[in-house]
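Fold and contact review
Chain residues, written in single-letter form:
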Amino acid sequence: MSMLLEIPVILGISIEVYVIWAVLNIPFYFIFKNVFRKRIGDKRKRSLLIWACMLAAAPVFYVLLVIGFFAAMAYYPDRDFDREGWNTNKDTRYEYSESLIESRMLIGKTKTEVRRLLGADEGRDNDSSWCYELGFKPGFGNIDPDYMCIKFLNDKVVSVEQHEG
């Protein structure tokens, strides 16, 4: 016999939402109580204002928490290109790729100069294009690595592009 756990729904919203909302309201109650204690003399008005502010502040705070969580998950430092850092950890090359592309440091370099600076390419589409794996950029749902492709014309770099996985 299987037993299903059904979460009660009130006004179309499951009960855990109300529990989270109530828990978030506890500190807001004390904060607003202290803020309005000296500013509003009438106890009834003060109480209504505390409750109104509390009810509005908790959902706003919750949304900011969620946004902050996703922003923290997608954060990574942008570093100036460093040959040793590039070659030491291939899983975090995405930190250096923007610097390489924006500085246009590779434009005009020969294949030999690029190989000396970046190391051997991991994959060649053909002799006129080299690709370097950059690793998995932090973010929600990133399941494929990013690549930086360098295009050559007459043995010289003409463009450098990053491709998201």
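A count of helical and extended segments in the protein gives five helices and six strands. Listing every helix and strand of the protein by position from the N terminus yields β-β-α-α-α-α-α-β-β-β-β. For the protein, the C-alpha radius of gyration of 27 Å lies well beyond 15 Å, the compact-globule estimate for 165 residues. Expressed as lengths along the three principal axes of its C-alpha atoms, the size of the protein is roughly 80 × 60 × 25 Å. By the burial criterion, 28% of the 165 residues in the protein qualify as buried. Of all intrachain contacts in the protein linking residues separated by at least 6 positions in sequence, the fraction that spans at least 24 positions is 44%. For the protein, the computed accessible surface area is about 11600 Å², with 61% contributed by carbon and sulfur atoms. Of note, the protein has its 21 positive side-chain charges centred 13 Å away from the centre of its 22 negative side-chain charges.

Our next topic: the layout of surface pockets. If you roll a probe as big as a water molecule over the atoms, it shows you where there is empty space left. Here the largest pocket defines a volume of roughly 180 Å³. As for the largest pocket, its lining consists of Ile-13, Val-17, Tyr-18, Ile-20, Trp-21, Leu-24, Ala-58, Pro-59 and Tyr-62. For the lining of the largest pocket, the secondary-structure elements that each account for two or more residues are helix H1 (15–37) and helix H2 (43–74). Top element by residues in the lining of the largest pocket is H1. It accounts for five residues. Its residues assigned to classes, the lining of the largest pocket shows nine nonpolar, no polar and no charged.

Further remarks concern the state of the cysteines. All chains considered together, the criterion is met by one disulfide. Covalently, Cys-131 is tied to Cys-149 through a disulfide, its sulfur atoms 2.4 Å apart. Residues Cys-131 and Cys-149 are joined through a disulfide that is right-handed, its torsion about the S-S bond being 100 degrees. Taken as a pair, Cys-131 in strand E4 (residues 129–135) and Cys-149 in strand E5 (residues 146–153) lie far apart in primary sequence, 18 residues in all.

In this description, a pair of aromatic rings is defined by centroid distance and the angle of the planes. Enumeration according to the criterion identifies ten aromatic pairs in this entry. Aromatic pair Phe-28 and Phe-61: ring centres 5.6 Å apart, planes at 80 degrees, arrangement edge-to-face. With Phe-28 in helix H1 and Phe-61 in helix H2, the pair connects residues that are 33 residues apart, well separated along the chain. Geometrically, the ring pair formed by Phe-32 and Phe-36 is stacked, given 6.0 Å between the ring centres and 10 degrees between the ring planes. Linking Phe-32 with Phe-36, this pair stays in helix H1, spanning four residues, or about one helical turn. Of the two residues, Phe-32 and Phe-36, both sit in the buried class.

Relative to the 46 Å expected for 32 residues at 1.5 Å per residue, H2 spans 46 Å between its end C-alpha atoms, a close match to the ideal helical length. Taken together, the buried positions of H2 are Arg-46, Ile-50, Met-54, Ala-57 and Ala-58. Where H2 is buried, its residues contact H1.

Calculation notes
- Residues numbered from 1 in each chain as written.
- Predicted model: local features only at pLDDT ≥ 70, side-chain atom pairs only at ≥ 80, totals over all residues.
- Heavy atoms only, no water.
- Helix = DSSP H or I, 4+ residues; strand = E, 2+ residues; numbered from the N terminus.
- Rg over C-alpha atoms; globule rule 2.2 N^0.38 Å.
- Buried < 20%, exposed > 50% of the residue type's maximum accessible area, 1.4 Å probe, protein only.
- Contact = heavy atoms within 4.5 Å.
- Areas by Shrake-Rupley, 256 points an atom, 1.4 Å probe, with all protein chains shown as cover.
- Lys, Arg positive; Asp, Glu negative; His and termini not counted.
- Charge placed at Lys NZ, Arg CZ, Asp CG, Glu CD.
- 1 Å grid on protein atoms, 1.4 Å probe; cavity = no way out; pocket = protein on both sides within 12 Å on 5 of 7 lines; lining within 4 Å.
- Points joined across faces, edges and corners; volume = space filled by probe spheres on them.
- Nonpolar A, V, L, I, M, F, W, Y, C, P; charged D, E, K, R; others polar.
- Disulfide = S-S within 2.5 Å.
- Phe/Tyr/Trp six-rings, centres within 6.5 Å; stacked < 30°, edge-to-face > 60°.
- Expected span 1.5 Å × (residues − 1).

Fair warning: the whole summary comes from geometry, so function is off the table for now.
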